[in-house]
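Spelled out from the first residue to the last, the chains are:
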Number of protein chains: 2
Amino acid sequence: MSNHELLGTSIIAFSRSQKGGKVFHASNPATGKDLEQPFHSATHEDLERAASMAERAFLPYSALPAAARAAFLQAIAAEIEATGDPLVARVMAESGLPEARVRSERARTCFQLRFFAGILEEGSWIDARIDTADPSRKPSPNPEVRSMMRPLGPVAVFGASNFPLAYSAAGGDTASALAAGSPVVAIAHYSHPGSAEIMGAAIQRAAQALGMPDGVYSLLFAAKSEQQVGAELVRHPAIAAVGFTGSRAGGTALLRLAQARPTPIPFYAEMSSVNPVIILPHAMRARGEQIVAGLHTSITVNAGQFCTNPGLVLLGADQPADDFASALAARMSATPSTVMLNQTIKDAYAAGTSKRGKAAGVRQLAVGDGESATALFEVDAAAFVADPSLQDEIFGPSSLLIRANSREQMLQAVDSLEGNLTATVHMEEADLADAKILLQRLEKKAGRIVFNGYPTGVEVAQAMVHGGPWPSTSDSRTTSVGGRAMLRFVRPVCYQDAPAEMLPVELRDGNPSGILRIVNGKYAR
Amino acid sequence: MSNHELLGTSIIAFSRSQKGGKVFHASNPATGKDLEQPFHSATHEDLERAASMAERAFLPYSALPAAARAAFLQAIAAEIEATGDPLVARVMAESGLPEARVRSERARTCFQLRFFAGILEEGSWIDARIDTADPSRKPSPNPEVRSMMRPLGPVAVFGASNFPLAYSAAGGDTASALAAGSPVVAIAHYSHPGSAEIMGAAIQRAAQALGMPDGVYSLLFAAKSEQQVGAELVRHPAIAAVGFTGSRAGGTALLRLAQARPTPIPFYAEMSSVNPVIILPHAMRARGEQIVAGLHTSITVNAGQFCTNPGLVLLGADQPADDFASALAARMSATPSTVMLNQTIKDAYAAGTSKRGKAAGVRQLAVGDGESATALFEVDAAAFVADPSLQDEIFGPSSLLIRANSREQMLQAVDSLEGNLTATVHMEEADLADAKILLQRLEKKAGRIVFNGYPTGVEVAQAMVHGGPWPSTSDSRTTSVGGRAMLRFVRPVCYQDAPAEMLPVELRDGNPSGILRIVNGKYAR
């Protein structure tokens with residue numbers, strides 16, 4: 001069997017499911033036609049087996065040395081790279097995304113895996129702390145306490161529609177959960193099951209080659225109509241946390257299930273974000289034309305199908321802002337249509353832009369042709385503040401200009417914002433005083449604040465935050481990209497007066513791991 | 001006005017409430033009589049004002065340098081110490097706790113405040129990370145990203161019944177929230193409003209003396225029947241997180257409110273824990289008598305009214321274990337009754353022990369006299385596994401011995417456990433192999449694992465974990481004691497390509513704060 005052959009059956013630990021569940025096909029969004037390979041939705045038994053195997057794998061997997069988990073992540077990256085052009089071709093066929101984007105997304109996916117491997121090899125991320133005993137302390141001696149992060153348990157991962165590689169079967173949630181020491185049960189997005197199968201099989205091969213515990217990874221298929229598979233997985237007692245990327249409605253529904261369990265579990269949903277861009281007056285005068293070009297690209301690249309797509313632009317009501325609006329409208333109107341990811345997204349985009357055009361006080365400045373017809377709208381700040389539905393995400397190449405005729409109006413619009421993944425400020429030196437006031441308010445509204453740039457493009461780096469206040473995510477304390485992503489899947493465990501043999505190596509005397517620790521309140525290696 | 005005078009009105013920022021709401025009195029549990037001072041439950045207007053003042057104080061307070069917040073915490077500790085003996089007398093009258101315990105709890109409360117001040121002064125806790133730009137990177141240059149923890153917003157704190165100082169108006173949740181940069185709106189426990197008022201007024205004085213923003217702290221009173229005050233606070237849009245210590249029923253009800261808000265917020269409840277103690281065979285033989293003495297103290301001290309009270313003891317079914325059970329029963333029977341904290345707790349204890357005595361397979365080994373009559377029960381491991389209600393917390397000086405006639409039975413009992421704050425293992429060198437198997441399982445069940453000791457007594461230290469899997473707390477990823485407690489009230493915020501003037505001082509070039517940061521993946525000062 002080649003490393004890209006498709007069987008259409010769920011990956012259950014080191015084996016494959018029977019062909020039992022509802023059959024479905026991926027569709028090529030460029031042609032509208034189904035692709036040949038049939039896929040079999042996971043049955044109740046498949047899910048039960050994947051979850052119980054994950055549970056069984058948890059103890060041995062979480063007990064592995066960090067170096068062994070790092071080697072596993074490295075091996076997954078190598079296996080993915082070895083799948084070569086057939087993976088690229090399959091992703092293109094299932095998503096309609098252009099080849100260069102698919103290749104760069106695959107590079108990102110492998111980089112992510114190696115990034116987390118590097119954090120494991122360095123080791124300090126587990127937050128080891130030691131307070132030594134003091135038998136002479138008055139009024140009573142204090143015990144020795146040592147603590148560090150330990151994995152929560154098996155993690156369920158829901159693949160995203162818009163990143164068939166980087167947020168899918170072997171994407172960021174899978175990589176950070178495996179890094180943290182948690183087995184993963186992933187559900188492939190129904191839009192690109194073949195891409196997911198190639199990636200999932202790469203993980204399976206790496207796990208077998210490195211002798212990982214059977215059950216460390218499973219990948220379940222589910223037709224679009226088979227939503228009970230995901231619901232059942234979230235409710236399964238073996239599952240200890242969930243990573244989800246998708247719609248606000250879907251995320252909220254699953255979040256409620258996670259909260260209503262007899263034992264509630266953390267549910268990390270990245271849901272919807274409109275990523276406001278604020279252009280301050282001096283920046284508008286100094287760089288208006290340049291910002292038009294950058295913003296146009298950020299709104300329209302890959303048909304705007306990004307969670308960081310700039311869906312709101314807050315600007316003044318003066319002549320430079322009028323010129324900016326006209327120039328952006330001209331560029332938007334002239335943007336050719338491209339293929340969108342799937343029929344659901346296409347339909348939602350058409351409905352969203354149609355509704356937006358009819359909203360009270362909204363003027364349509366630009367409308368393109370075709371399925372991803374660009375749409376630029378405009379509304380006065382007061383009308384924006386009055387209508388919360390204008391903050392609903394329209395997933396696609398659309399944006400809404402909010403025209404504020406005073407600084408107060410601009411601040412009111414900012415204060416009325418829901419939570420977002422990002423907020424962007426364009427400013428010049430002369431805007432500094434305004435920008436400082438703005439920043440204090442934006443910090444409450446977004447997880448990442450971009451200056452003089454554009455929100456699309458999320459760097460995989462230790463400092464990155466890809467998370468934000470509700471409803472952009474379900475948990476603003478966390479990020480799904482960057483070094484902190486692993487922290488979603490761990491909890492602190494404390495060992496009091498433990499015999500040396502009972503301690504994890506990271507907490508032992510002499511610091512055999514060489515990691516940074518807090519010892520009696522001081523950071524030390 | 002002296003620093004311990006009681007007015008009986010809620011503390012609303014820098015002022016006091018009107019005497020509007022339902023009047024109630026604290027009761028002296030030793031006499032059963034009401035204490036003289038009337039207290040006025042907060043009205044809707046009081047709560048509205050406290051919450052909106054907290055919201056208004058958030059921006060200026062969160063913008064203060066860490067050193068200013070540290071000085072505030074130090075000043076609170078000094079103000080509390082300055083209240084002297086009248087505070088001690090009031091706490092004793094409202095709680096029935098003995099003087100030595102009250103004095104040590106006050107010392108702990110002040111230590112906690114200074115502990116968090118010390119973490120602020122050191123500064124590295126905010127997890128600063130910097131990834132510098134690389135304009136030469138292919139295929140596209142990467143931006144500069146810098147991130148650190150920022151406070152969530154105003155925090156609501158619910159005081160505990162059993163720690164009138166250390167988990168109350170100026171207790172651990174208040175201290176860690178104020179340290180993290182969040183204003184606090186606390187609700188005093190109806191059992192000890194006078195203790196809370198003295199502590200709250202100490203915070204108010206410290207805040208005014210140090211020029212903290214008006215609204216940084218409020219303390220609301222609510223009679224036992226006025227539960228809507230707490231519910232309204234949890235639902236208030238100004239509140240960004242909640243710290244709660246109390247019953248499982250109460251915690252779960254408020255948790256559901258927090259989750260059902262239009263904008264859900266983190267809710268940190270410490271609820272119920274039975275803190276299993278496991279005595280392995282060699283430890284039983286070597287130190288059985290000694291463990292009887294230590295365990296008896298841990299079960300009965302302060303009438304067992306601790307969240308870390310050892311409510312389950314897992315031991316063998318052989319002769320040494322029989323001797324242990326008899327000796328513990330004899331000590332328990334001979335333990336004099338002491339005053340319990342309040343009527344509700346007294347009633348629940350009586351009902352809980354009565355129900356436990358009638359449960360299938362349960363034998364009562366010891367029963368004391370009086371309101372805090374000790375109660376020791378025994379059950380076979382198989383019957384324990386079969387009846388989850390035997391894991392219900394009985395708050396008071398009671399414990400249940402679980403007799404396992406094999407290693408397998410012991411492991412089955414452990415696997416059947418719900419989540420707990422602590423688990424304790426008594427072991428000797430010869431128990432090592434068993435203990436290792438046990439530890440892997442216990443790590444999933446508890447936040448702190450104690451070896452050859454007792455779970456009561458929670459050290460305030462960087463490494464401490466006072467948290468655990470559901471239902472011991474609502475969020476096993478967190479702790480309410482120790483350095484990590486501050487992390488409950490923050491979220492990461494990222495600044496991309498920010499002009500130097502727009503960055504928090506902790507993220508600036510040259511590291512003016514001298515804190516530990518992760519720069520391009522490496523830890524550096």
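For the structure itself, consult the block above.
The structure displayed is predicted, hence computed values, not measured ones.

How each quantity is defined
- Residues numbered from 1 in each chain as written.
- Chains lettered and ligands numbered in written order.
- Predicted model: local features only at pLDDT ≥ 70, side-chain atom pairs only at ≥ 80, totals over all residues.
- Heavy atoms only, no water.
- Contact = heavy atoms within 4.5 Å.
- Buried area = accessible area lost by both parts, 1.4 Å probe.
- Salt bridge = Lys/Arg side-chain N within 4 Å of Asp/Glu carboxyl O.
- Polar contact = N/O pair within 3.5 Å; in protein donor to acceptor, adjacent residues only side chain to side chain.
- Helix = DSSP H or I, 4+ residues; strand = E, 2+ residues; numbered from the N terminus.
- Nonpolar A, V, L, I, M, F, W, Y, C, P; charged D, E, K, R; others polar.
- Pairing = 2+ DSSP bridges.
- Least-squares fit on C-alpha atoms with pLDDT ≥ 70 in both.
- Buried < 20%, exposed > 50% of the residue type's maximum accessible area, 1.4 Å probe, protein only.
- Phe/Tyr/Trp six-rings, centres within 6.5 Å; stacked < 30°, edge-to-face > 60°.
- Core = buried A, V, L, I, M, F, W, Y, C linked by side-chain atoms within 4.5 Å.
- Axes fitted to C-alpha atoms, helices over the stretch in contact; angles between N-to-C directions.
- Parallel < 35°, antiparallel > 145°, perpendicular 65-115°, else oblique.
- Left-handed = near helix turned anticlockwise from the far one by under 90°.

1. A short note on the interface of chain B and chain A
Line of reasoning, step 1. The interface of chain B with chain A comprises 75 residues on the first partner and 76 residues on the second.
Line of reasoning, step 2. Summing both partners gives a buried area of about 6400 Å² for chain B against chain A, and 56% of it is carried by carbon and sulfur.
Line of reasoning, step 3. Remark: the boundary between chain B and chain A carries eight salt bridges.
Line of reasoning, step 4. One salt bridge in this structure joins Arg484 of chain A and Asp127 of chain B, with 2.8 Å as the shortest N-O distance.
Line of reasoning, step 5. The interface formed by chain B and chain A holds 40 residue pairs in polar contact (both at pLDDT 80 or more) in total.
Line of reasoning, step 6. The set of elements that each furnish at least two residues to the side of chain B that touches chain A consists of α1 (44-63), β5 (128-131), β6 (145-151), α8 (248-260), α14 (432-442), β18 (446-451) and β19 (490-496) of chain B.
Line of reasoning, step 7. Here the residues of the side of chain B that touches chain A sort into 40 nonpolar, 13 polar and 22 charged.
Line of reasoning, step 8. As paired elements, strand β18 (residues 446-451) of chain A and β19 of chain B share three bridges and run parallel to each other. Note on β19 of chain B: the bridge partner recorded for Val450 of chain A is Gln496 of chain B.

2. Overview of the relation of the copies chain B and chain A
Line of reasoning, step 1. Its rotation angle being 180 degrees, the transformation that places chain B on chain A also includes 0.0 Å of axial translation and leaves an RMSD of 0.0 Å. Accordingly, the operation relating the two chain copies is best matched by a two-fold axis. Closest approach to the rotation axis among the C-alpha atoms of chain B is made by Gln259 of chain B, whose C-alpha sits 4.1 Å away.

3. Some thoughts on unusual backbone geometry
Line of reasoning, step 1. Residues Trp470 of chain A and Pro471 of chain A are joined by a peptide bond in cis, for which omega reads 5 degrees.
Line of reasoning, step 2. Summarising the element assignment, Pro471 of chain A is placed in the loop between β18 and β19 (490-496).
Line of reasoning, step 3. The phi dihedral of Asp497 of chain A is positive, around 50 degrees, even though this residue is not glycine.
Line of reasoning, step 4. Its location among the elements puts Asp497 of chain A in the loop between β19 and β20 (517-519).
Line of reasoning, step 5. Overall, the relative accessible area of 33% leaves Asp497 of chain A in the partly exposed class.
Line of reasoning, step 6. Backbone geometry at Asn520 of chain B places phi at a positive 50 degrees, although glycine is not the residue there.
Line of reasoning, step 7. Secondary-structure assignment places Asn520 of chain B in the loop between β20 (517-519) and β21 (522-524).

4. Looking at the packing of aromatic side chains
Residues and elements named next belong to chain B.
Line of reasoning, step 1. Tallied over the entire structure, the rule returns 20 aromatic pairs over all chains.
Line of reasoning, step 2. Relative to Phe39, the ring of Phe24 lies with its centre 5.9 Å away and its plane at 40 degrees, an arrangement referred to as tilted. Of the two residues, Phe24 is situated in strand β3 (residues 23-28) and Phe39 in strand β4 (residues 33-40); the sequence distance between them amounts to 15 residues.
Line of reasoning, step 3. Given a relative accessible area of 9%, Phe24 falls into the buried group.

5. Thoughts on the pattern of salt bridges
All names here are of chain A.
Line of reasoning, step 1. In total, this model carries 55 salt bridges over all chains according to the counting rule given.
Line of reasoning, step 2. Between Arg16 and Glu197 there is a salt bridge whose closest N-O contact spans 2.8 Å. Here Glu197 lies in helix α6 (residues 193-209) and Arg16 lies in strand β2 (residues 15-16), a separation of 181 residues in the sequence. As far as the burial class goes, Arg16 and Glu197 line up, both buried.

6. Quick look at the nonpolar core
Line of reasoning, step 1. In this structure, Phe72 of chain A together with Phe72 of chain B are the most contacted members of the largest nonpolar core, which totals 250 residues.
Line of reasoning, step 2. What Phe72 of chain A contacts, discounting residues up to four positions off in sequence, is Tyr61, Leu178, Ile203, Ala206, Ala207, Leu210, Met212 and Val216 of chain A.

7. Some details on the sheet that holds β5 of chain B
Line of reasoning, step 1. On the basis of which strands lie adjacent, the open sheet formed by 12 strands has the order β14(A)-β15(A)-β16(A)-β13(A)-β12(A)-β17(A)-β18(A)-β19(B)-β6(B)-β5(B)-β20(B)-β21(B) and mixed pairing. Looking along the sheet, the strands with just one partner apiece sit at the ends: β14 (363-367) of chain A together with β21 of chain B. Within this sheet the neighbouring strands show an average axis-to-axis angle of 20 degrees, counted without direction.
Line of reasoning, step 2. Contacting β12 (277-279), β13 (312-315), β16 (398-403) and β17 (420-426) of chain A, helix α9 (residues 281-300) of chain A runs over the sheet at an angle of about 150 degrees to β12 of chain A.
Line of reasoning, step 3. Strands in contact with helix α11 (residues 343-358) of chain A are β14, β15 (375-380) and β16 of chain A; relative to β15 of chain A, the strand with the most contacts, it is inclined by about 30 degrees.

8. A short note on the packing of helix α7 (residues 228-235) of chain A against helix α8 (residues 248-260) of chain A
Packed helices, taken two at a time, are described by their axes: the angle between them and the distance between them.
Residues and elements named next belong to chain A.
Line of reasoning, step 1. Contact pair α7 / α8: the axes reach a minimum separation of 9 Å and the direction vectors enclose 30 degrees. Classified by the interaxial angle, the pair formed by α7 and α8 is roughly parallel. Seen along the crossing, α7 lies across α8 with a hand that is right-handed. Here Gly230, Ala231, Val234 and Arg235 of α7 come into contact with α8, specifically with Leu254, Leu257 and Ala258.
Line of reasoning, step 2. Taken together, the residues of the contact of α7 with α8 sort by class into five nonpolar, one polar and one charged.

9. Points about the pairing of strand β17 (residues 420-426) of chain B
Residues and elements named next belong to chain B.
Line of reasoning, step 1. In terms of burial, β17 is a largely internal element, seven of the seven residues being buried.
Line of reasoning, step 2. Bridge count for strand β12 (residues 277-279) against β17 is three bridges, and the pairing is parallel. Within the sheet, the bridge partner assigned to Val277 lies in β17 and is Thr424.
Line of reasoning, step 3. Note: β17 against β18, five bridges, orientation parallel. Residue pairing in the sheet places Val425 in a bridge with Phe451 of β18.

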